Each structure stands twice: as structure tokens, then as C-alpha cells.
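Structural characterization, general
One letter stands for each residue in the lines below.
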Amino acid sequence: MTPSLASLAGLLRRIPGRAEKLAPEPPEENVLQSGEALLRRKRNKVAIFAILFGLVSAAIDLPLPAEDAYRAVRAQLRSRPAPPDIVMVTVDDATLNELGKELPSRSDDSALVDRLVAAGVDKIVFDRAHADPETPASDATFERMLERHKGKVWLGMTPSYQIKFQKIDRILPLERFRQHAAMASMTGFASPFSLSVVFPTSVDIDGTTYPSISAALAGYDGSSLRYRPDFAFNPWTIPTYSYVDVLKGRVPASKLRGRSVIIGRSFFESSDFLVMPLKGRVPGSYFHVIGAQTLKSGVPTDLYWFPAMLIVVMAIGSYTLGRSRSARPLWFAAVGLPLLAFPLDEVRFNIDIMPAMLALGFAGIGFHRIAKKYYSSDVDAMTTSALSLDKGSAALDVYALRIANLAEMSEEWSPRELGEFVNSLITYIKGPGEAGDVAFERDSLVWLAPRMDKVSLERHADGLALMLKTAISYDWQSASSTPAIGIDTNYSLPLGQRIKKAMQAADEAANRGVRFIINDAAYVEARNYRLEIMRVLEKGLRERKIGVAYQPKIDLATGRIVGAETLIRWKPDGQDFVNPQELVLAAEASDRINELTMIVMEAALVDGREAIALDPGFKLAINMSAKSLSDTHLLFDMMTMLGRIGFPAENLTLELTETAKLEDKLIAPQISALNARGIGLSIDDFGTGQSNLEYLEKLPSSELKIDKKFVQHMATSEESHAVVRATIEIAHSLGKVVVAEGVETEAVADQLRAMGCDQAQGFLFSQAIAMPELLIMMGGKRIVVNA
Ligand code: C2E
Ligand code: CA
Ligand code: CA
């Protein structure tokens with residue numbers, strides 16, 4: 001199924017010689033390559049807008065919720081247990097119940113710390129400030145405890161900070177506590193939808209630096225930064241003990257030895273809960289623990305949206321600038337970026353992918369729209385919209401190639417094969433070098449090429465159609481598809497309309513089975529005329545009223561009228577005479593020729609009875625397409641009509657014309673039926689078309705009519721003279737009557753008589769006339785001419 005390029009080169013050399021193009025030469029590059037240029041421009045525009053959109057959305061944090069949500073999803077997928085080295089001791093509902101208080105007192109806290117230190121914990125961090133005095137006794141107890149365990153205990157604090165218009169005052173432990181204990185910041189920053197948190201590693205108060213709780217727990221002493229805790233650490237796996245259990249010595253020391261401890265709360269009514277995406281309400285202290293675990297596993301680096309955007313810019317760039325026009329880089333980025341975030345999470349590089357994904361989505365939709373409108377990706381070819389420029393097209397001819405049967409052919413083909421087929425045609429079309437872009441639309445190819453004069457254009461179109469037909473049947477082993485070309489030369493019309501007209505012309509060429517149709521003014525006129533003729537025919541058939549006249553047939557020896565040919569002479573109300581030939585062609589094309597024949601025959605048989613009354617030997621001739629002979633119904637209807645009207649069959653002659661080959665098998669029975677009734681057959685237009693010697697043999701006729709073409713040229717052309725002489729001799733040797741038609745001069749009549757021609761017909765004797773006139777003429781018995 002693959003076209004061979006070797007054969008292509010061979011065929012291209014066989015293209016008929018090209019005629020000179022019309023001056024002025026069009027700026028070819030400019031006009032012909034404009035489809036490509038248009039596509040490129042549109043794509044560039046989309047690319048730039050997409051990237052700008054991405055940058056702006058990054059600047060205003062537009063896709064933040066999506067970013068956080070996707071980060072949460074990643075964390076969920078990377079979920080792992082938290083290491084056991086940091087434990088939480090929590091004031092839970094069991095603690096409050098057992099102690100019977102609203103909160104443990106500072107004395108309880110002191111006892112707790114003593115217990116923890118005794119168990120051998122490493123450090124103790126309160127997620128609570130101890131900022132207000134309690135009772136003098138418990139405060140003193142607490143202070144003494146701090147003194148005892150200097151260097152082991154951190155108290156929570158919050159620096160003052162500003163959120164929008166709200167100023168939050170700093171919260172510090174009581175002065176007396178601060179002297180003996182370290183402090184760690186409890187502050188974290190939640191994102192607008194609380195889907196993520198950012199912690200500082202340290203805060204500054206009055207020139208002194210304090211670690212955050214997470215940094216204190218992790219023992220982090222690197223440079224100050226803000227980081228995102230990695231939610232992959234599952235909060236529910238953090239070792240957690242009830243405050244009261246520790247206080248009452250119910251937690252074995254082995255579980256606490258060497259661990260760092262955060263003391264927080266998780267009783268139901270505590271306000272210290274935060275929503276962790278996909279995890280639900282999580283005690284605030286857990287965030288600090290997860291932060292600490294994050295810091296311990298590697299200090300996170302925030303790369304923001306830069307790397308993702310860079311990748312997307314490169315993908316968009318390679319799509320718009322690349323030759324291949326493959327969407328692969330875009331898909332690569334669309335799939336790769338979200339995946340890339342996983343390993344980066346793992347090595348503690350935070351990237352934001354959403355602004356880049358937005359840019360990518362924008363670009364993807366834009367490119368897709370362009371592709372849909374201007375580009376048919378099935379077959380890897382442009383659509384005609386890409387050709388439709390508002391630029392003038394006066395210097396160009398618009399071509400359309402309709403591949404008949406493409407739909408059927410391509411049914412068995414894969415899209416790839418269809419694409420190959422279409423593109424091999426495009427290569428052929430572009431081969432001669434004058435065509436620019438070739439677009440694909442429905443089952444047609446459309447392209448533009450420099451304008452040519454009419455003669456050259458016809459020759460070119462014919463050659464091109466032939467070449468493509470050869471190419472298709474040769475390369476694709478498909479004889480079923482005949483290419484038909486339509487060309488528009490309405491130079492003043494907009495290109496879009498011209499493309500439509502060219503496609504219509506190609507469709508019509510395909511329907512009519514011709515190689516090409518040039519849609520110019522003359523063609524439009526001819527088509528309108530044909531349409532008008534069809535209307536007229538329709539009316540005539542409907543009203544069963546089509547005018548006929550009779551042209552006498554003269555016996556050359558005696559000058560007497562021996563018969564007449566029925567010819568359509570019809571003047572529909574208020575209109576001119578219709579051209580009989582055109583009317584017959586229209587009837588044949590619309591498959592209504594038999595109806596027409598019967599209407600003409602009915603009128604002629606009725607009239608003809610009067611002529612027979614005057615001369616019983618009178619022969620009435622009626623024209624019939626030889627093809628109709630194969631129609632048994634028509635024959636049956638004819639016989640019935642003869643009987644109904646009472647016209648003697650032996651007075652009727654059928655003049656048969658034929659443009660296509662006759663199938664003798666199909667007509668043989670009908671011919672014998674006609675012969676049996678004595679109906680005469682006459683071969684019309686002998687010497688033209690199919691009416692040759694072979695035809696003579698096939699049709700057992702009684703009469704032969706020499707075409708007027710030869711008769712009229714007899715006087716001036718040796719050849720015509722010889723044809724007429726030979727025809728007369730052949731006819732006579734076969735026992736047939738010879739009639740010469742189109743006799744216009746006395747000289748021709750004399751020559752025919754001398755050659756022994758039996759009958760003549762022509763303007764010399766009479767035009768086609770109405771029956772009453774014919775009867776008068778017959779009454780005169782002899783045509784005056786020869787008197
Ligand atoms: P045809 O059968 O060859 O008819 C003869 C044509 O030659 C007629 O043209 C007639 O008017 C024309 N003619 C006769 N004498 C002369 C002459 O001396 N000089 C010249 N130049 N022409 C002459 P018409 O009537 O225009 O018909 C054209 C064709 O249309 C006919 O050619 C025939 O093929 C077809 N036609 C006409 N009437 C009928 C019909 O009723 N049925 C069918 N099937 N075809 C018809
Ligand atoms: Ca005829
Ligand atoms: Ca004829």
C-alpha cells in the first residue's frame with residue numbers, strides 16, 4: 001500500500017509541458033506559502049499567550065489550591081510512618097477527666113517534666129507559652145523545676161506578626177520562666193485555604209534568634225529559612241502518650257529514653273487542631289513533629305514555579321518552532337511534570353507545577369483549536385481554512401481534487417494509510433513546483449497555483465488529472481478511484497468562495513465522469529442553461545405537451561416527399577424554442593429519455609395518420625436513442641400505442657443514434673420483435689461516434705443516414721466526398737436505403753443524385769414544418785426545387 005517514490009519521479013517527468021504563466025508574476029513565496037505562515041502565526045500567538053497566562057497566574061498565586069491539593073495527593077501516595085524518636089505527650093480527654101481539671105496545672109506540668117527527665121528523655125518542648133501567672137505556689141514550683149532541668153526544657157512563644165490588617169501581639173513565657181528555660185516559636189503560616197503550612201526554622205525577637213519548635217525538636221542549627229513540612233510523614237504514626245499516663249508513671253521509661261518530647265493537647269474541645277489535607281483534623285503539635293522529621297531527613301529547598309515553567313516553555317517552544325509538528329513535547333511535559341514532582345519531593349526540592357500546567361493547558365487547548373480549524377491531523381494535512389486568506393487571489397487559480405470513493409476506500413484503511421495516501425497525492429500535486437500549500441477537506445484536496453490562460457489551464461488540468469489517475473492506480477492498486485479536478489477562475493471573488501466553487505466543480509466533474517471542470521463565466525452560463533433546460537423538460541413531461549415538427553424526406557430521383565423525420569420544435573409558453581439536442585441530453589442525463597420519446601411519438605403518430613391517408617406509402621421517422629432498445633417496457637408501450645392510435649407499424653421508422661457501445665445480447669430480441677412487425681430501423685448520423693461499420697453489422701436496419709457533417713463538406717472536401725460515395729456503395733451492397741441529411745444546395749443534391757443516393761433531407765427542400773404544411777406540400781406531390 002505504500003507509494004513508491006521511484007514511480008513518482010517517473011510520473012512527474014511525464015507531466016505535459018507547462019505553458020507560460022500570465023504576467024504579472026505573483027509574489028509566489030508570499031501568497032503560496034501563506035497557509036504555513038498563517039498556521040505559524042496562530043501557533044506563536046497561542047504560545048505567547050499561554051506562557052504569559054502561566055506567568056501571571058504564578059505571580060498572583062492563582063492555582064494555589066490546586067497546587068496544595070496535588071501536593072497533598074503526592075504526600076498521600078508517598079505516605080510513610082514517622083520515625084519514633086520524637087514523641088508527643090498530649091493533654092487528652094482522659095487526662096482532663098482523670099485530673100478533674102480544665103487544664104493540667106503548672107504543678108502537674110512540673111511533675112510531668114520530672115517524670116520525663118527521670119525516664120531519660122533528651123529534650124522537652126512545650127507547645128504552650130506559660131505566659132500568664134497561675135497561682136504563686138504553682139508558678140514557683142514550675143520555676144524551680146525549670147531551674148532543676150536547665151537546658152532540657154523549651155517553652156513555646158510567638159513573635160508578633162502582621163496578617164493583613166490584623167496585628168497579633170507576641171506571646172512570651174513569664175519573665176521568671178524565661179530566665180531558666182529556652183524558647184521555641186510555635187508559629188506556622190497556613191496558606192489561604194489552609195491546605196498547606198510553612199514553618200520558619202527560626203524567629204527574631206529584639207535582635208535575639210530563637211528556633212522554631214520543629215527546629216528545636218530536630219536539633220536544626222543551619223541557616224534560617226522557611227520550609228514546608230513533608231506531609232508524607234503520617235501523623236497517626238507519631239508515638240503519642242496520654243499526659244496523665246506519663247504523669248502517673250504508667251508509661252515505661254524504655255519508651256521515652258533518648259527521645260525528644262513535645263507536650264501538646266488533643267482533648268476534644270482544644271482549639272489547637274488544624275486540617276491536614278486528606279487526613280482531617282490533626283493536633284497542631286503533630287505539625288511541629290512532622291516539621292522536625294522533615295528537617296532531619298534533609299533541609300527542603302523551594303524552587304517555586306521556575307523549573308516547571310522552564311520545562312513547559314521548552315515544550316511549547318519545540319512544538320511551535322519544531323518541524324515535525326508533533327504534540328509529543330506537550331504530552332511529555334503534561335505527564336512528566338506531575339510525575340517529576342514525586343522524586344523531587346523525595347529529595348526535598350519543592351516545585352510548584354500548577355502555573356506551568358495552566359500555561360500548558362492553555363497552549364494545548366489553543367493548539368487543538370488551531371489544529372481543528374486549520375489542520376486535519378488524521379491525514380496530516382492543512383484544511384482549507386488555512387488557505388482562506390483575505391488577501392486577493394487574482395494571481396491564482398484555485399484547484400480542487402475530488403477523490404471519488406475516498407470514503408469507501410478509506411473504510412478499509414487505517415487512519416495512517418489514509419494519511420499516507422493523501423500525502424502521496426499532495427506530493428504529486430506539489431511535484432511540478434507551482435502549487436503551494438495543499439489542503440485537505442472532506443474528500444477533496446484544495447490548492448492554489450499561479451494563474452494561467454485558459455488554453456494552458458485546460459491542458460494542465462487534463463494532464464494533471466491523467467497523471468493522478470495513473471499514480472493512484474499504479475501506487476495504490478486502486479482503479480476504483482478516479483480523480484476529478486475542479487478549477488475556479490473567478491478571480492474577483494474572495495478566496496473562500498472560490499475554494500467552494502472549485503470544490504463544487506470537482507464534485508460535478510466526478511459526477512459527470514469527466515476529468516476536470518473549469519469554473520469560469522462560460523461554464524456558469526452553460527450550467528445555468530442546463531438547469532433551465534431541465535426545468536423546461538420537467539414542464540413538458542408534466543404537461544405531456546412537447547411540440548414537434550416534420551422535416552420531409554425527398555426521393556432524389558422523383559423529387560417526391562416519401563416520408564418525414566419528427567423533430568422536437570417546442571416553444572414553451574412565453575419562451576424561445578428549446579434546443580432539441582440539449583433537451584434530449586438533459587432527458588438522457590436525468591434518465592427520462594423514454595418518457596420524452598413516448599410523448600414525441602404520441603404526437604407524431606396522431607399527426608402521421610393524416611399523411612398516410614394522403615399517401616399510404618408515407619414513412620414517419622422518429623428519433624430514438626439506441627440504448628432505449630434494451631428497454632423492453634418501452635417497446636411494449638410503443639406497440640400498445642401503435643394499436644391504440646391505429647398507426648400501421650410498417651409506416652414507422654426508428655432513427656437510432658448511439659453514443660455508447662451497444663450490447664448486442666440485450667437488444668437482439670427487441671430487434672427481431674420490431675422486424676416482425678415491419679417497423680423500419682434507420683442508422684442515424686452514420687460515420688460519427690459509434691455509428692461505424694461494426695454498428696452496421698450489429699443493427700439489422702433498412703436505412704442508413706449519412707451524417708450532415710459529411711454531406712455539407714462534400715463540395716469542398718475530397719475526403720467527405722469519398723466517405724459519402726463509399727457509404728452509399730456499402731449501404732446499397734447491403735440492400736439498404738441511403739438518406740443524405742443536411743442538403744442545403746442544389747449542387748450537393750445533384751452530386752448525391754449522380755452517386756445514386758436514394759433520399760435527401762435538408763434546408764434545400766424544407767425545414768421541419770407543422771403537419772398541415774407538410775400535407776399541403778405533399779398535395780403538391782412534387783418538391784418544386786428540381787422542376
Ligand atoms: P438529427 O437526428 O441528426 O436531426 C437532424 C438535425 O439536422 C435536425 O436538427 C435538423 O433541423 C437539422 N437539419 C436538417 N436539415 C438541415 C440542413 O440542411 N442544414 C443543417 N445545418 N441542419 C439541418 P435539430 O432539430 O436541431 O435536432 C438535433 C438533434 O436532436 C437531432 O439530430 C436528434 O439527434 C435530436 N432530436 C431531435 N428531435 C428528437 C426527438 O424527438 N427524439 C430524439 N431522441 N432526438 C431528437
Ligand atoms: Ca435523426
Ligand atoms: Ca442526423
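None of these values were measured; they are calculated from a predicted model.

Quick word on the packing of aromatic side chains
For any pair of aromatic rings, geometry is given as the distance between the ring centres together with the angle between the planes. This structure, assessed with the given rule, holds eleven aromatic pairs. Ring plane angle 70° and centroid distance 4.8 Å describe the contact between Phe-142 and Phe-177, whose orientation is recorded as edge-to-face. With Phe-142 in helix α7 (residues 136-148) and Phe-177 in helix α8 (residues 175-178), the pair connects residues that are 35 residues apart, well separated along the chain. Phe-142 gets classed as buried once you look at its relative accessible area, which sits at 0%. An aromatic cluster is present here, built from Phe-126, Phe-142 and Phe-177 joined pairwise through their rings.

Focus: the site of ligand 1
Near ligand 1, the surroundings consist of 20 residues, among which Gln-551, Arg-569, Lys-708, Glu-744 and Phe-763 are the closest. Glu-565 places a polar side-chain atom, nitrogen or oxygen, 3.1 Å from an oxygen atom of ligand 1. Glu-744 places a polar side-chain atom, nitrogen or oxygen, 2.5 Å from a nitrogen atom of ligand 1. In isolation ligand 1 offers 790 Å² of accessible surface; the protein chains occlude 87% of this area. Secondary structure elements with two or more residues in the shell around ligand 1: β28 (561-568), α20 (580-589), β31 (680-686) and α25 (708-713).

Re a positive patch on the surface
Among the surface-exposed residues, Arg-41, Lys-42, Lys-45 and Lys-373 lie close enough to one another that they form a single positively charged patch. Broken down by element, the residue count for the positive patch peaks at three residues, all from helix α3 (residues 34-59). For Lys-45, the location among the structural elements is in helix α3. For Lys-45, a relative accessible area of 54% corresponds to the exposed category.

With respect to the sheet that holds strand β15 (residues 260-265)
Pairing is parallel in the open sheet, where six strands are placed in the order β7-β4-β3-β15-β2-β14. Edge positions in the sheet fall to β7 (182-185) and β14 (240-242), since each has one partner strand and no second. Across the sheet, the axes of successive neighbouring strands diverge by a mean angle of 30°, strand direction being ignored. Where strand β2 (residues 86-91) meets β15, six bridges bridge the pair, whose relative direction is parallel. In the strand pairing of β15, Ile-86 is matched with Ser-260.

As for the coordination of the calcium ion (ligand 3)
Here the calcium ion (ligand 3) is held by Asp-684 (OD), Asp-685 (OD), Glu-741 (OE) and Glu-741 (OE), and the distances to it run 2.1 to 2.8 Å. Mapping the donors of the calcium ion (ligand 3) onto the primary sequence yields the spacing D-D-x55-E. Here the calcium ion (ligand 2) and the calcium ion (ligand 3) are spaced 4.3 Å from one another, each receiving a donor from Asp-684. Given a relative accessible area of 5%, Asp-684 falls into the buried group. Looking at Asp-685, the relative accessible area reads 22%, which means it is partly exposed.

Quick notes on the coordination of the calcium ion (ligand 2)
The protein atoms that coordinate the calcium ion (ligand 2) are Glu-565 (OE), Asn-623 (OD1), Glu-655 (OE) and Asp-684 (OD), at distances spanning 2.1 to 2.3 Å. Spacing between the donor residues of the calcium ion (ligand 2) along the chain follows E-x57-N-x31-E-x28-D.

A word on the pattern of salt bridges
Applying the stated rule across the entire model yields 36 salt bridges. Among the ionic pairs, Asp-230 bridges to Arg-78, the shortest N-O distance being 2.9 Å. Placement of Asp-230 in the loop between β12 (226-227) and β13 (233-234) and of Arg-78 in the loop between α4 (64-77) and β1 (80-81) is noted, with a sequence separation of 152 residues between them. Grouping residues by exposure puts Asp-230 and Arg-78 together as buried. Each member of the salt-bridge network shares a partner with another, and the members are Lys-553, Glu-565, Glu-655, Glu-703, Lys-705 and Glu-741.

Describing the nonpolar core
Core analysis: the biggest nonpolar cluster contains 79 residues, and Leu-605, Leu-654, Val-743 and Leu-752 have the highest contact counts within it. Ranked by the residues each element gives to this core, the list is headed by helix α21 (residues 593-614), at ten residues. Among the nonpolar cores identified, the runner-up in size contains 41 residues, and Val-312, Ala-359, Leu-360 and Ala-400 belong to it.

A word on the sheet that holds strand β27 (residues 548-555)
With mixed pairing, the eight strands of this closed barrel are ordered in space as β27-β28-β29-β30-β31-β32-β33-β34. Sheet twist, expressed as the average angle between the axes of neighbouring strands with direction ignored, equals 30°. The pairing of strand β33 (residues 737-741) with strand β34 (residues 759-761) spans three bridges and is parallel. The residue bridging Val-739 from the neighbouring strand is Gln-759, located in β34.

With respect to the confidence of the model for the protein chain
A residue-level look at the protein chain finds 90% of positions with pLDDT of 70 or above and a mean pLDDT of 86. When the criterion is pLDDT under 50, residues 1-33 qualifies, and its contacts beyond four places in sequence or with other chains add up to 61 contacts.

Parameters and conventions
- Residues numbered from 1 in each chain as written.
- Chains lettered and ligands numbered in written order.
- Predicted model: local features only at pLDDT ≥ 70, side-chain atom pairs only at ≥ 80, totals over all residues.
- Heavy atoms only, no water.
- Phe/Tyr/Trp six-rings, centres within 6.5 Å; stacked < 30°, edge-to-face > 60°.
- Helix = DSSP H or I, 4+ residues; strand = E, 2+ residues; numbered from the N terminus.
- Buried < 20%, exposed > 50% of the residue type's maximum accessible area, 1.4 Å probe, protein only.
- Near = heavy atom within 4 Å.
- Polar contact = N/O pair within 3.5 Å; in protein donor to acceptor, adjacent residues only side chain to side chain.
- Areas by Shrake-Rupley, 256 points an atom, 1.4 Å probe, with all protein chains shown as cover.
- Patch = residues over 30% accessible without salt bridge, like charges linked within 9 Å, V, L, I, M, F, W, Y side chains within 5 Å.
- Salt bridge = Lys/Arg side-chain N within 4 Å of Asp/Glu carboxyl O.
- Lys, Arg positive; Asp, Glu negative; His and termini not counted.
- Charge placed at Lys NZ, Arg CZ, Asp CG, Glu CD.
- Pairing = 2+ DSSP bridges.
- Axes fitted to C-alpha atoms, helices over the stretch in contact; angles between N-to-C directions.
- Donors = N, O, S within 2.8 Å, 3.2 Å for Na, K, Ca; no water.
- Core = buried A, V, L, I, M, F, W, Y, C linked by side-chain atoms within 4.5 Å.
- pLDDT = per-residue confidence, 0-100.
- Contact = heavy atoms within 4.5 Å.

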